[in-house]
Amino acid sequence: MRMALSDWQPLPIPPLLWLNTGVLVLSSIAMQCASLAARKGQVDMVRLGLASAGLTALAFLVGQLMAWRELSADGYFLASNPANSFFYLLTGMHGLHILGGLVGLGRTTVGAWNGARPQRLRLSVELCAMYWHFLLFVWLAIFALLAGWASTLIDICRGLLT
Amino acid sequence: MAVALVLVLIVVGSVLFHFLSPWWWTPIASNWDYIDNTIIITFWITGVVFAAVVLFMAYCVFRFRHREGNQAAYEPENRRLESWLTVVTAVGVTALLVPGLFVWSRFVNVPSDATEVEVVGQQWQWSFRLPGKDGKLGTSDTRDVNAENPLGVIAADANGQDDVVVEAADLHLPVGKPVKMLLRSIDVLHDFYVPEFRAKMDMIPGSVTYFWFTPTKTGTFQVLCAELCGQGHPMMHGVVMVDTQEDYLAWLGQQQTFAQLSAPQQMGSAE
Amino acid sequence: MVDITPADAVPPAEVAEMELYHPHSWWTKYVFSQDAKVIAIQYSATATAIGMVALVLSWLMRLQLGFPGTFDFITPEAYYQFITMHGMIMVIYLLTALFLGGFGNYLIPLMVGARDMVFPYVNMLSYWIYLLAVLVLVSSFFAPGGPTGAGWTLYPPQAIMTGTPGGQDWGIILMLVSLILFIIGFTMGGLNYVVTVLQGRTRGMTLMRLPLTVWGIFTATVMALLAFPALFVACVMMLLDRALGTSFFMPAIVEMGEQLQHGGGSPILFQHLFWFFGHPEVYIVALPAFGIVSDLISTHARKNIFGYRMMVWAIVGIGALSFVVWAHHMYVSGMHPYFGFFFATTTLIIAVPTAIKVYNWVLTLWRGDIHLTIPMLFALAFIVTFVNGGLTGLFLGNVVVDVPLSDTMFVVAHFHMVMGVAPIIVIFGAIYHWYPKVTGRMLNETLGRFHFWVTFLGAYLIFFPMHYLGLMGVPRRYNELTDMTVMTESAHHLNSFISIMAFIVGFAQIVFLFNLIWSIRHGREAGGNPWRATTLEWQTAETPPGHGNFGKDLPIVYRWAYDYSVPGAKEDFIPQNVPGSFGPSREPA
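Computed from a predicted structure; not experimentally measured. (Residues numbered from 1 in each chain as written. Chains lettered and ligands numbered in written order. Predicted model: local features only at pLDDT ≥ 70, side-chain atom pairs only at ≥ 80, totals over all residues. Heavy atoms only, no water.)

Peer 1: Got a sec to walk through the overall build of chain C? Specific residues and values, please.
Peer 2: When you go through chain C residue by residue, the secondary structure sums to 14 helices and 2 strands. A compact globule built from 589 residues would reach a C-alpha radius of gyration of about 25 Å, and chain C, at 24 Å, matches this within 12%. For chain C, the spread of C-alpha atoms along the principal axes amounts to about 80 × 50 × 50 Å. With 589 residues in all, chain C has 68% of them scored as buried. Residue pairs at least 24 apart in sequence account for 79% of intrachain contacts in chain C once pairs closer than 6 positions are excluded. Working note: accessible area of chain C is about 18,800 Å², and carbon and sulfur atoms make up 69% of it. Counting 25 positive and 30 negative side-chain charges, chain C places the centres of these two groups 13 Å from one another. (Helix = DSSP H or I, 4+ residues; strand = E, 2+ residues; numbered from the N terminus. Rg over C-alpha atoms; globule rule 2.2 N^0.38 Å. Buried < 20%, exposed > 50% of the residue type's maximum accessible area, 1.4 Å probe, protein only. Contact = heavy atoms within 4.5 Å. Areas by Shrake-Rupley, 256 points an atom, 1.4 Å probe, with all protein chains shown as cover. Lys, Arg positive; Asp, Glu negative; His and termini not counted. Charge placed at Lys NZ, Arg CZ, Asp CG, Glu CD.)

Below, the structure is given as structure tokens:
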């Protein structure tokens with residue numbers, strides 16, 4: 001594996017990422033609340049859930065940007081070595097997907113305030129919630145990979161095999 | 001009608017072309033006649049299948065072509081026939097795969113008595129390095145490449161001092177001795193390919209790949225690059241000469257070691 | 001296995017009909033149209049236009065190879081730019097776009113009995129982004145340094161280095177951007193095709209009643225949605241390597257005596273990503289061809305396709321297996337040699353479902369009533385070229401046989417035969433078959449037969465002998481085959497012969513284009529169902545089908561797509577939307 005080579009210098013994981021992870025979990029919970037409320041037809045709760053999910057997701061993105069700034073201030077730039085490049089690439093792609101989700105969420109939220117048909121609102125909210133949970137799951141996987149736990153797991157598996 | 005005839009002609013023509021045309025592989029000069037034999041087996045099996053399918057089709061076109069009053073049969077499926085054909089195909093595929101994998105395991109497992117020879121590719125020439133008297137190649141690093149050290153041999157490694165360095169010149173190999181080619185590149189992908197040896201492998205900057213073979217014929221063979229490496233790719237020729245043992249030792253005696261090349265001034269003053 | 005339930009048991013309508021988009025002006029009707037049929041024609045026209053560019057590039061390459069030293073303007077740089085653009089255009093911008101964007105858009109809604117794609121607006125966006133991708137690609141011909149000459153595989157590190165044309169100029173950047181755009185556009189279209197097949201089918205159209213054309217396009221689209229992301233990230237990463245100096249694919253490198261600022265990357269990683277896309281891509285092109293050719297053979301042999309269920313499972317099985325064979329393109333790439341055992345085994349296993357498909361095609365001919373129409377001729381030619389190309393795949397898939405043959409002309413001959421000639425021959429057959437539905441007129445028969453014979457025999461004469469050049473050891477991607485011991489005098493003559501055949505075959509395509517345009521006005525009137533076919537697209541009220549495809553009511557499907565020559569029926573075909581049973585149904589359930 002390339003991670004064993006000297007060219008691969010893993011960068012320290014900023015503690016801020018833990019906070020961001022928590023924020024993203026909150027965002028997913030808010031989406032789930034909105035989704036449950038939409039099923040019961042409680043429009044007020046839907047609005048509350050959507051708004052808080054959107055705000056927390058934005059907070060997550062801001063947090064990620066701050067983590068990037070922190071890293072580059074410490075001299076870990078995109079092109080310094082492949083470990084850094086992968087870090088920025090993975091977090092950047094994930095962030096872009098969140099941004100795309102926010103566009104969809106924005107449309108749904110506008111619909112929730114302007115009195116969209118309940119059937120249609122429920123479908124949009126449920127689809128957003130599914131996407132949110134998916135992105136949370138992807139983030140947890142990326143975080144585990146970047147923090148190096150995945151390689152520990154691989155080592156354990158390799159130990160079992162040999 | 002014409003179609004059926006043309007289909008038959010395609011089969012006949014292809015088979016005749018295969019046996020009569022002057023275009024065939026170069027005479028082999030290594031131990032990999034196993035590979036040639038596997039190709040021959042593959043030619044027979046696939047040739048029979050090709051002829052059978054196309055001739056059957058030609059027969060169908062001839063026999064069941066539309067004529068006034070004809071009606072096609074109505075037969076959605078035939079489980080027995082389909083199962084039989086699947087089994088026969090699986091058997092044929094296994095007959096190809098098993099010898100293939102058997103020869104592949106020989107190809108990837110290098111015999112212990114093989115001598116190592118390093119090939120270094122760069123745009124657009126070949127260089128070589130042979131282990132010196134200690135029989136070991138010294139380690140190398142692309143970061144150490146410069147005008148005096150074109151192959152990036154690590155000077156601190158004692159094993160590398162007596163390595164024979166052949167920069168952008170012909171490689172000589174003794175006949176009948178297995179040799180493990182260690183392949184390395186300092187810029188882009190290349191591929192060390194001598195058609196007569198049948199073996200080839202890509203060279204990747206940043207890692208060392210290998211293949212092995214035993215030259216079985218003396219003579220001069222052309223090295224080609226078989227992985228696109230920029231616009232000089234077709235011009236990247238080299239030469240491998242397979243010598244008798246005496247000729248090989250005579251050639252080896254004239255070559256310079258890494259230590260001699262990296263300290264030319266000292267050598268000059270010593271004389 | 002025989003289903004005794006009456007064939008006309010049809011489930012009740014569950015959902016209301018979708019609201020149809022209505023164009024308001026000439027622009028929204030013919031240019032920014034959301035009608036899948038118009039989008040299909042736009043896709044097809046664009047793909048054909050860019051395909052003609054690739055055809056001309058192949059002529060230029062053959063000029064150089066067949067008559068070396070005669071044409072000074074074909075410099076080594078130019079030659080590498082030609083092969084790169086030829087390969088990339090043919091595989092992605094022509095074949096993928098034409099099969100999925102062209103045939104997919106036209107045939108899916110009509111064949112499943114829908115009024116349009118499920119997301120018409122996204123469908124329209126898909127085409128315009130595709131057009132943008134094509135324009136970006138074409139613009140690289142005019143950029144400083146010209147298009148990239150890295151080979152269609154774009155292997156790093158050379159793809160982004162000075163030794164390769166366009167590597168440190170605009171060529172590679174425009175290529176990568178164009179691919180990224182293509183993938184974005186394709187994803188939009190692809191989601192549409194999948195959702196339409198799953199959700200937009202009319203009443204009675206169960207999955208096992210779908211024509212194989214739809215199965216082929218559907219499976220290929222699912223595969224493309226899974227495979228293209230690998231190419232997408234590879235392009236993004238290479239773009240970062242080239243533009244921002246990262247080292248995803250770049251190890252420490254000394255270029256022309258100078259140390260580059262890269263280090264630690266892995267060139268092989270790119271190859272894995274590329275072929276994880278690239279191998280499924282072969283089947284993304286092949287599966288629609290498989291599906292279409294099944295329908296052509298069945299219709300023109302007046303006989304049901306033999307072993308429909310097996311055919312469906314073979315399509316799905318090939319689609320799934322094609323994701324675990326990618327590294328057979330990398331046997332000599334320097335990856336771990338033990339991978340060879342695994343990938344050779346999976347590769348040869350995939351030969352089994354593929355062979356089943358071939359058997360079922362020829363067994364459909366058996367005891368048929370074969371009308372040797374032009375679509376049927378092309379279908380027969382497809383079987384010959386596909387069997388030939390598929391069998392040489394058994395050479396290259398069997399890891400040790402691949403060692404001497406990889407990177408030689410054998411590979412070039414193999415992939416042109418199996419994924420160049422064979423699918424394009426199906427495209428021709430399909431165009432002769434569906435042109436009457438699209439325009440209401442038949443293509444000219446005499447020109448068509450001329451086109452068929454020259455294309456089929458010419459292409460076979462080009463690529464069959466080419467295998468033997470590879471067997472001799474002639475490497476691919478050489479702009480000059482001089483000063484080589486493997487190239488005998490007679491091999492040079494063979495090369496000249498291949499070049500001359502290439503010009504003749506290319507010329508026949510111009511005749512075909514002329515036929516396409518000429519017949520729009522002057523072709524014989526076709527009527528609604530000239531081939532007397534069973535599938536729904538031939539049962540529309542108008543020909544060409546109007547907006548919304550079907551008249552006031554959507555058709556209801558009572559039977560599978562292959563009720564040809566049913567014993568006891570009045571005619572030798574029963575359309576899918578005709579109720580009533582003729583004895584116990586024998587369609588596979």
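Peer 1: Can you break down the overall build of chain B residue by residue, with the values?
Peer 2: Regarding its fold elements, chain B presents 6 helices and 10 strands. Radius of gyration (C-alpha) of chain B: 27 Å, far over the 18 Å computed for a compact globule of 271 residues. A burial count over chain B gives 52% of its 271 residues as buried. Here chain B displays about 11,900 Å² of accessible surface, and carbon together with sulfur accounts for 61% of that area.

Peer 1: Would you mind going over the sheet that holds strand β9 (residues 219–225) of chain B in detail, with residue names and values included?
Peer 2: Residue and element names in this part refer to chain B. Strand order in the open sheet formed by 5 strands is β4-β10-β9-β6-β7, and the pairing between neighbours is mixed. Every other strand in the sheet has two partners, leaving β4 (171–174) and β7 (200–203) as the edge strands with one partner each. Averaged over all adjacent pairs, the angle separating strand axes in this sheet is 25°, with direction ignored. Looking at chain direction, β9 and strand β10 (residues 238–243) are connected through 5 bridges and run antiparallel. (Pairing = 2+ DSSP bridges. Axes fitted to C-alpha atoms, helices over the stretch in contact; angles between N-to-C directions.)

Peer 1: With reference to specific residues and values, describe the nonpolar core.
Peer 2: Inside soluble globular proteins, nonpolar side chains tend to come together where they are buried. Core analysis: the largest hydrophobic core is formed by 293 residues, its most contacted members being Phe192(B), Tyr93(C), Phe103(C) and Trp361(C). Core analysis: the second largest hydrophobic core is formed by 35 residues, Leu61(A), Tyr88(A), Leu121(A) and Trp132(A) among them. (Core = buried A, V, L, I, M, F, W, Y, C linked by side-chain atoms within 4.5 Å.)

Peer 1: Describe in detail the pattern of salt bridges, supporting the description with residues and values.
Peer 2: Taken as a whole and judged by the stated rule, the model has 15 salt bridges over all chains. Glu118(B) is the salt-bridge partner of Arg129(B), the closest N and O atoms lying 2.7 Å from each other. In this pair, Arg129(B) is assigned in strand β2 (residues 125–130) and Glu118(B) in strand β1 (residues 115–122), connecting sequence segments 11 residues apart. Residue Arg129(B) is classed as buried on the basis of its relative accessible area, which comes to 0%. Between Asp563(C) and Arg559(C) there is a salt bridge whose closest N-O contact spans 2.8 Å. Residues Asp563(C) and Arg559(C) agree in their burial class; the two are buried. What you see here is one network of salt bridges that share partners, running through Glu118(B), Arg129(B), Asp163(B) and Arg184(B). (Salt bridge = Lys/Arg side-chain N within 4 Å of Asp/Glu carboxyl O.)

Peer 1: Can you break down the arrangement of the chains residue by residue, with the values?
Peer 2: Ranking by contact count across 2 pairs of chains in contact places chains B and C at the top. At their nearest point, the C-alpha atoms of chain A and chain B are still 11 Å apart, with no contact between the two.

Peer 1: Account for the interface of chain C and chain B, with residues named and values stated.
Peer 2: When the parts come together, some accessible area is lost, and that loss is often what is quoted as the size of the interface. Listed by partner, the interface residues are 119 residues for chain C and 95 residues for chain B. Both faces combined, the contact of chain C with chain B buries some 9,300 Å², and carbon together with sulfur accounts for 69% of it. Summed over the three residues of chain C that lose the most area to chain B, namely Val400(C), Tyr468(C) and Tyr478(C), the buried surface amounts to 7% of that side. Seen at the junction of chain C and chain B, the total is 1 salt bridge. Across the pair Glu77(B) and Arg309(C) runs a salt bridge, and its minimum N-O distance is 2.2 Å. For the pair chain C and chain B, the number of links is 28 residue pairs in polar contact (both at pLDDT 80 or more). (Buried area = accessible area lost by both parts, 1.4 Å probe. Polar contact = N/O pair within 3.5 Å; in protein donor to acceptor, adjacent residues only side chain to side chain.)

Peer 1: Lay out the interface of chain C and chain A in plain terms, naming residues and giving numbers.
Peer 2: Each partner contributes residues to the interface: chain C has 14 residues there, and chain A has 9 residues. Looking at the side of chain C facing chain A, the largest losses of area belong to Thr246(C), Phe248(C) and Gly264(C), adding up to 42% of the total buried there. Along the contact surface separating chain C from chain A lie 0 salt bridges. When residues in the side of chain C that touches chain A are grouped by element, the largest group, 5 residues, is from helix α6 (residues 212–244) of chain C. Within the side of chain C that touches chain A, the residues separate by chemical class into 7 nonpolar, 7 polar and no charged. (Nonpolar A, V, L, I, M, F, W, Y, C, P; charged D, E, K, R; others polar.)

Peer 1: Can you break down the side chain of Ser499(C) residue by residue, with the values?
Peer 2: Topologically, Ser499(C) is positioned in helix α14 (residues 489–522). Excluding residues that lie within four positions of it along the chain, Ser499(C) makes contacts with Arg62(C), Leu65(C), Gly66(C) and Phe67(C).

Peer 1: Summarise the confidence of the model for chain C; cite the residues concerned and give the values.
Peer 2: Residues and elements named next belong to chain C. Chain-level pLDDT for chain C is 91 on average; 95% of the residues reach the 70-or-more range. Taken as a whole, residues 1–8 scores under 50 in pLDDT and shows 13 contacts with residues more than four places along the chain or in a different chain. Across the interface, the model reports ipTM at 0.94; the global pTM reads 0.93. (pLDDT = per-residue confidence, 0-100.)

Peer 1: Requested: an account of the side chain of Gln222(B), with residues and values cited.
Peer 2: Looking at the secondary structure, you find Gln222(B) in strand β9. Of the polar contacts made by the side chain of Gln222(B), one reaches the backbone oxygen of Asp483(C); its length is 2.8 Å. Among the polar contacts listed, one links the side chain of Gln222(B) to the backbone nitrogen of Thr485(C), at a separation of 2.8 Å. Discounting residues that sit within four places of it in the chain, Gln222(B) has contacts with Tyr193(B), Val194(B), Pro195(B), His237(B), Gly238(B), Asp483(C), Met484(C) and Thr485(C).

Peer 1: Tell me about the packing of aromatic side chains, and please be specific about residues and values.
Peer 2: Taken as a whole and judged by the stated rule, the model has 79 aromatic pairs over all chains. The cationic tip of Lys200(B) hangs over the ring face of Tyr193(B); the distance from NZ or CZ to the ring centre is 4.2 Å. (Phe/Tyr/Trp six-rings, centres within 6.5 Å; stacked < 30°, edge-to-face > 60°. Lys NZ or Arg CZ within 6 Å of the ring centre and 35° of its normal.)

Peer 1: Kindly report on the sheet that holds strand β8 (residues 209–213) of chain B, identifying the contributing residues and their values.
Peer 2: Residues and elements named next belong to chain B. Ordered in space as β3-β2-β1-β5-β8, the 5 strands form an open sheet in which the pairing is mixed. Each edge of the sheet is formed by a strand with only one pairing partner; in this case those strands are β3 (164–166) and β8. Neighbour to neighbour, the strand axes of the sheet diverge by 20° on average, direction disregarded. Of the pairings in the sheet, the one linking strand β5 (residues 179–185) to β8 comprises 5 bridges and is antiparallel in character.

Peer 1: Just give me the short version of the pairing of β5(B), but keep the residues and values in it.
Peer 2: Residues and elements named next belong to chain B. Most of β5 sits inside the fold, with 7 of its 7 residues counted as buried. Taken together, the 7 bridges between β1 and β5 define a ladder with parallel strand orientation. Residue pairing across strands places Glu-116 opposite Lys-180, the latter belonging to β5.

Peer 1: Please provide a residue-by-residue account of the environment of Leu11(A), values included.
Peer 2: Residues and elements named next belong to chain A. Mapped onto the fold, Leu-11 is located in the segment before α1 (16–40). Separated by 69 residues in the primary sequence, Leu-11 and Ser-80 have C-alpha atoms spaced 10 Å apart. Sequence-distant contacts of Leu-11, defined by excluding residues within four places in its chain, comprise Leu-71, Tyr-76, Ala-83, Asn-84 and Phe-87.

Peer 1: Any details on the domain arrangement of chain C? Residues and values, ideally.
Peer 2: Residue and element names in this part refer to chain C. In terms of domain boundaries, chain C breaks down into domain 1 (30–249), domain 2 (283–525) and domain 3 (527–589). In this structure, domain 2 and domain 3 have C-alpha centres spaced 31 Å apart. At the junction of the two partners, domain 2 supplies 22 residues and domain 3 supplies 21 residues. At the boundary of domain 2 with domain 3, total buried surface from both sides reaches about 1,800 Å², with 59% on carbon and sulfur atoms. The three residues of domain 2 that bury the most area against domain 3 are Arg-302, Tyr-308 and Lys-437, which together make up 39% of that side's buried surface. Counting every contact that joins domain 2 to domain 3 gives 1 salt bridge. (Domains from an automatic or database assignment.)

Peer 1: Let's hear about helix α3 (residues 82–113) of chain A: which residues, and what values?
Peer 2: Residue and element names in this part refer to chain A. For α3, with 32 residues, the first-to-last C-alpha span of 46 Å sits near the 46 Å given by 1.5 Å per residue. The N-terminus of α3 is capped by Asn-81, whose side-chain oxygen sits 2.7 Å from the backbone nitrogen of Ala-83. Two residues or fewer past α3, Gly-115 is found with a positive phi of approximately 70°. (Expected span 1.5 Å × (residues − 1).)

Peer 1: Lay out a nonpolar patch on the surface in plain terms, naming residues and giving numbers.
Peer 2: Residues and elements named next belong to chain B. A surface patch of nonpolar side chains, amounting to about 940 Å² of accessible area, comprises Val-8, Val-12, Val-15, Leu-16, Phe-19, Leu-20, Ile-40, Trp-44, Val-48 and Leu-55. Secondary-structure elements contributing two or more residues to the nonpolar patch are α1 (2–20) and α2 (33–63). Top contributing element to the nonpolar patch by residue count: α1, with 6 residues. Following the sequence through the fold, Val-8 ends up in helix α1. For Val-8, a relative accessible area of 31% puts it in the partly exposed group. (Patch = residues over 30% accessible without salt bridge, like charges linked within 9 Å, V, L, I, M, F, W, Y side chains within 5 Å.)

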